[in-house]
Every structure is written in structure tokens, then in C-alpha cells.
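Here is what each chain is made of, one letter per residue.
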Amino acid sequence: FAEPRLFGSRFDAGVDVFALAVPFSDTFFENDVERPEQEIEQCSANVGFKLGHPLGDRDKLRAEYEILSFNYGEADDTADDFVLPSDNLTHSLELGASFARSGYGLAATGSYSRRSKWDFWGRPGNPDFSEEKQDFLRWSARASKNWYLPRFQKVGLELDYAGGSDLDRFSKYQFGFFGGTRVHGYQSNRVQASEVYAGHASYGFEVGKTFHLEAVADAALATDEETGLDRELLAGLGINGTFMGPWQTVVNLDVGVPVAGPDDGFVLFR
């Protein structure tokens, strides 16, 4: 739900609701080696309340309060001595600002999150657990530039930084399809990091909102002490597009393949 002029003011407001009907596998990798004995299943849902205010034609301040529900269960290979994380509600408050001028863009966000419950999880002696990680901070910054060329061509460059405090396996940054630190071709949960430097380059064609096709190259330096990453290079190539389908439907297609780092295979979304 979106209201572009809340009570006739310049504030805009919105509500987002998202839920998964079936659990998905949360895998764990350490030093580029999969640890099936620490795999679990996770089911999540969230509702977010958004409020924004423009500072100009293309500048904006925004705030979002989000409630997320997490439920955890054992997978087929979960070790008998692995203690599941606490099912919980996570309350999160995020503040952000964005600015755009002549194809240039700047954005920054910061968030504070707190779980309703967070008891010991993992195998005995798990170094990633701490009572202090019941709440955590995340922050990010982005700089971008788009060039619009003749014949509907578009070239884009983007640089990102993401970091945080008191992050653990279930709050660190990932590189799958969902999230701002994406690297094309990488599966969700394959790599997790507490600090990320990333760059993205794209070239494609864009005709209004009815047709979009571009090739993308992503690269990231991922750091995470617990899983043995020290500015590990992750890179991937991808193609994504949007076009009109039959019966006035909109079709989104995204495919990617990793070219550097611990992942392999390819990822396809449609």
C-alpha cells in the first residue's frame, strides 16, 4: 500500500507485507567449505511501515519501521548437538537519505535492530554467539552514475560500502538475489560478510517502463573474521530484463554466473 501525499502533505507513506509459505535451507560455509551439519531451515515474514519526505525534486529523507518474524527448524543433515536459534520477532528502525543530480546518485542508510529473544545457538563453543548480538547495527553508503546514450542505450557504474556492529550469521550481509550487496550468480547464504566493498557496472537498453535489458558485472571484497574471509574477491556476470508478456503481464528475467570466489553454477530468477 502506498500513499504519495499523506493527508495532503508532502510526506509519502507506505506499508509492505512479505511472507514465505515454505521454509528455505540456510546453509553455512566456513573457509569456503560447506558445513552440512550446521544447515538449518528458516521461515520468515515481515511487515514494514515507511515514511518519506522529499527535499527537492530528486532528494529524499526516509524512515522505516519493520517487524520481522523468524522461525527455525532442523534440516536433514543438522547435527544432533546443534542448538537451533531462538524463534523471534526482530524490530528494526532504519533511516536513510538519497540525493540525485544529472545522473549522479548518493545514498546512505543506517539501522538499529533488536530481537525479542536470542539464546545460545549453534554447536558447543560456537564463537559466533554472544548475548550482545541480540541487537545489532547495520550501515551502508552508495555512489552511482548513469549515462544515457543515443538509441535508448544506458551505461551505469556504482560503488557500495556496507558494514555493521554485533553482526552474526543471521544478520550479516549476503550476496544472493535479495539485498543491496548482490553479486550475480551467487546463491543466498553461500557467503556471508560483516564488511563489504562492492562495485557494479552495467550496459543495456531501456525504453520507458515497458522494455529493459542489460548486462551486469559485479565485484565485491568480502571480510568476515568468523568464516575466514579477508577481503575475499567475489565476482559475477549477469543479464536481466523486463518486458511485457501476454495478458498485460510484466515479465522479469534475471540470470547470473559467478566468475571469482567460492561459488559455482548459475542462478536464474523469472
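One structure accompanies this document, and this report is about it. (Residues numbered from 1 in each chain as written. Predicted model: local features only at pLDDT ≥ 70, side-chain atom pairs only at ≥ 80, totals over all residues. Heavy atoms only, no water.)

With that out of the way, let us pick up the pairing of strand β15 (residues 211-224). One face of the sheet, then the other: side chains in a regular strand alternate in exactly this way. The pairing of strand β14 (residues 195-207) with β15 spans 13 bridges and is antiparallel. From the neighbouring strand, E206 faces β15, where its bridge partner is H212. A loop of three residues connects β14 with β15, the two strands running antiparallel in sequence, and G208 in this loop sits at a positive phi of about 55°. Of the strand pairs in this sheet, β15 and strand β16 (residues 229-244) are connected by 13 bridges, and their pairing is antiparallel. Pairing of D218 across the sheet is with G236, part of β16. (Pairing = 2+ DSSP bridges. Helix = DSSP H or I, 4+ residues; strand = E, 2+ residues; numbered from the N terminus.)

Moving on, we come to empty space enclosed by the protein. Empty space among the atoms becomes visible once a probe the size of a water molecule is rolled across them. Inspection of the entire model under this criterion finds one cavity of 30 Å³ or more. Considered as a void within the structure, the largest cavity measures approximately 110 Å³ in volume. Contributing to the lining of the largest cavity are 13 residues, with F29, R190, V191, Q192 and T227 lying nearest its centre. (1 Å grid on protein atoms, 1.4 Å probe; cavity = no way out; pocket = protein on both sides within 12 Å on 5 of 7 lines; lining within 4 Å. Points joined across faces, edges and corners; volume = space filled by probe spheres on them.)

It is worth spelling out the packing of aromatic side chains at this point. All chains considered together, the criterion is met by seven aromatic pairs. The interplanar angle of 80° and the centroid separation of 6.1 Å between the aromatic rings of W118 and F170 together place this pair among those described as edge-to-face. Placement of W118 in the loop between β9 (104-115) and β10 (135-149) and of F170 in the loop between β11 (153-165) and β12 (173-174) is noted, with a sequence separation of 52 residues between them. The class of W118 is buried, set by a relative accessible area of 4%. Take F170: its relative accessible area is 15%, and that puts it in the buried class. Within the aromatic cluster, the residues linked to one another by ring pairs are F70, Y72, W118, W121 and F170. Just above the ring of W118 sits the side chain of R115; from NZ or CZ to the centre is 3.8 Å. (Phe/Tyr/Trp six-rings, centres within 6.5 Å; stacked < 30°, edge-to-face > 60°. Buried < 20%, exposed > 50% of the residue type's maximum accessible area, 1.4 Å probe, protein only. Lys NZ or Arg CZ within 6 Å of the ring centre and 35° of its normal.)

One finds F175, V196 and L234 to be the most contacted residues of the largest nonpolar core, which totals 15 residues. Among residues more than four places away in sequence, those in contact with V196 are D160, Y161, A162, Y173, F175, T181, A220 and L221. Core analysis: the next-biggest nonpolar cluster, separate from the first, contains 10 residues, F70, Y72, W121 and F129 among them. (Core = buried A, V, L, I, M, F, W, Y, C linked by side-chain atoms within 4.5 Å. Contact = heavy atoms within 4.5 Å.)

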